[in-house]
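# Remarks on the overall topology
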Amino acid sequence: MSVKAVLSYPLGVLKLATGAKSFDGNPVLASPALNRRGLHVRRVRLAEQMADWRRRRIAHLVSEEHAAAFGRDGFVEVRDFLPKDLFERVRNEAMGHVAQCREMRQGPAVTRRVTLDPADRAALPHSVAATEDPRFQGLVRYVASHDARPFCYIQTIIAEEPVGSDDPQTHLHFDTFHPICKAWLFLHDVGEEDGPFAYVPGSHRLTEQRAEWEQAQAMKIAEHPDKYHRRGSFRLTPGDLSAMDLPPPRKMAVPGNTLIAADTHGAHGRSASPKPTVRVEIYATLRRGPFTPFAKLDALGLPGVRHKPAQRLYDAMDFAEKRLGKGNAWRPVSPRRMDSPAAD
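Scope of this entry: the structure provided in the associated data block. Since we're looking at a predicted model, the values are computed, not measured.

## What about the overall build of the protein?
Regarding its fold elements, the protein presents 11 helices and 11 strands. The C-alpha radius of gyration of the protein comes to 20 Å, within 12% of the 20 Å expected for a compact globule of 344 residues. Principal axes of the C-alpha set define a box for the protein whose edges measure 60 × 45 × 45 Å. Relative to its 344 residues, the protein shows a buried fraction of 52%. In the protein, the share of contacts with a sequence separation of at least 24, taken over all contacts with a separation of at least 6, comes to 84%. As presented, the protein carries roughly 16000 Å² of accessible surface, and 56% of it is formed by carbon and sulfur atoms. In the protein, the 50 positive side-chain charges and the 41 negative ones have mean positions that sit 7 Å from each other.

## A word on the sheet that holds strand 8 (residues 259–263)
On the basis of which strands lie adjacent, the open sheet formed by 8 strands has the order 1-8-5-10-4-3-2-11 and antiparallel pairing. Across the chains shown, the open sheet's two edge strands, defined by having one partner strand only, are strand 1 (75–78) and strand 11 (331–337). For this sheet, the mean angle separating the axes of adjacent strands, direction not counted, is 30 degrees. Note that strand 1 and strand 8 share 4 bridges and pair antiparallel. Residue pairing across strands places valine 78 opposite leucine 259, the latter belonging to strand 8.

## Side note on helix 6 (residues 125–132)
All of the buried residues along helix 6 are Ser127, Val128, Ala130 and Thr131. Buried residues along helix 6 cover an arc of 155 degrees about the axis, so they all sit on one side. Summarising the contacts, the buried residues of helix 6 are in contact with helix 5 (84–96), helix 7 (134–144), strand 4 (151–159), strand 5 (181–186) and strand 10 (277–286).

## A word on the pattern of salt bridges
Pairing between side chains of opposite charge can happen when the charged atoms of each approach one another. Applying the stated criterion to the full structure yields 23 salt bridges. When salt bridges with common partners are traced through the structure, they connect Glu48, Asp52, Arg55 and Arg205 into a single cluster.

## Thoughts on the sheet that holds strand 6 (residues 197–199)
In spatial order, the strands read 7-6-9; together these 3 strands make up an open sheet with antiparallel pairing. With partners counted over all chains shown, the strands left at the sheet margins are strand 7 (250–251) and strand 9 (268–270), one partner each. Taken together, the 2 bridges between strand 6 and strand 7 define a ladder with antiparallel strand orientation. Bridge pairing in strand 7 places alanine 198 opposite lysine 251.

## Focus on the nonpolar core
Ranked by size, the top nonpolar core spans 41 residues in total, and within it Leu82, Phe136, Ile154, Leu187, Leu259 and Ile282 carry the most contacts. The leading source of residues in this core is helix 7, at 6 residues. Every residue in contact with phenylalanine 136, bar those within four places of it in the chain, is listed here: Phe81, Ala130, Thr131, Cys152, Leu259, Ile282 and Ala284. Residues Trp184, Val254, Ala310 and Tyr314 belong to the second largest nonpolar core, which totals 18 residues.

## What to know about unusual backbone geometry
Phi at aspartate 245 is positive, roughly 55 degrees, even though this residue is not glycine. When you line up the elements, aspartate 245 lands in the loop between helix 10 (238–243) and strand 7. Residue aspartate 245 is classed as exposed on the basis of its relative accessible area, which comes to 60%. Of note, asparagine 257 is a non-glycine position whose phi angle comes to about 75 degrees, a positive value. Examined against the element boundaries, asparagine 257 turns out to sit in the loop between strand 7 and strand 8.

Rules used in this analysis
- Residues numbered from 1 in each chain as written.
- Predicted model: local features only at pLDDT ≥ 70, side-chain atom pairs only at ≥ 80, totals over all residues.
- Heavy atoms only, no water.
- Helix = DSSP H or I, 4+ residues; strand = E, 2+ residues; numbered from the N terminus.
- Rg over C-alpha atoms; globule rule 2.2 N^0.38 Å.
- Buried < 20%, exposed > 50% of the residue type's maximum accessible area, 1.4 Å probe, protein only.
- Contact = heavy atoms within 4.5 Å.
- Areas by Shrake-Rupley, 256 points an atom, 1.4 Å probe, with all protein chains shown as cover.
- Lys, Arg positive; Asp, Glu negative; His and termini not counted.
- Charge placed at Lys NZ, Arg CZ, Asp CG, Glu CD.
- Pairing = 2+ DSSP bridges.
- Axes fitted to C-alpha atoms, helices over the stretch in contact; angles between N-to-C directions.
- Arc of directions from axis to C-beta.
- Salt bridge = Lys/Arg side-chain N within 4 Å of Asp/Glu carboxyl O.
- Core = buried A, V, L, I, M, F, W, Y, C linked by side-chain atoms within 4.5 Å.

This is the structure we're talking about:
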């Protein structure tokens, strides 16, 4: 047995206490013997219990109506989120913004992002102000169960004609084993044929049926042909939804100026579009350690980080690529408008 294989066991044990989700290369998480005894499902259950514990301590961040909607559905939808005049300023500012961006291609879809850090306020005052709105911050933090600063971006989704490989985001899936938040403030009307976000209401909870399904996936994880599934982002079929007694996904065809904040530990995906589309939105994501009892623990609030958290994340990814040989799907591209065609 190689030294790397020997070291992978203690490292695998240490990762149990973190948000590590990939079964690939982790002999502890992928162990049939341990999962037969419920290792994976116990991690999922404990993470949900800790998230509930933290949410009770930050419930003041949201209205009772939104807390109830989240508890029932796993997401919150707020239409007419911004005052009309501010929304138009945000929309015009974001659409016309020209800057060096990052792009990631997945099959026929390209995701483009530019940061909305506090340090970006001079160039994007209205867009940054939208992300600093206490209602925006409160919903993202409550859904994520952490009173911490999310990463915020202007994001463009460019869905091109099929080019020979599928967009993995259109496959219904769970992002990971523990609650996290992704949020979108849509700057366009999103119709049924525009590739809207889809979510399975109530799928964010570990019911008895979901626990049985998760146990079955963990037991046969090494045999699954999908790499995303093996990495802990489980893919689902309509039959899986039936097995978990869950309804079909609900497509979020919504008007512009709608905010959706969702726990993407629940089943979700981007609907396939029958035509090329371009969508620009304000996007936020927040995930922290699933097992911490401290809702307010936030490393991004430290000096040197708090004004540029999203940019510091890019810096860390670039360092890991150059110095540690880690893959980095987010490629820098030359300055361009946010609604322009993809770089490649």
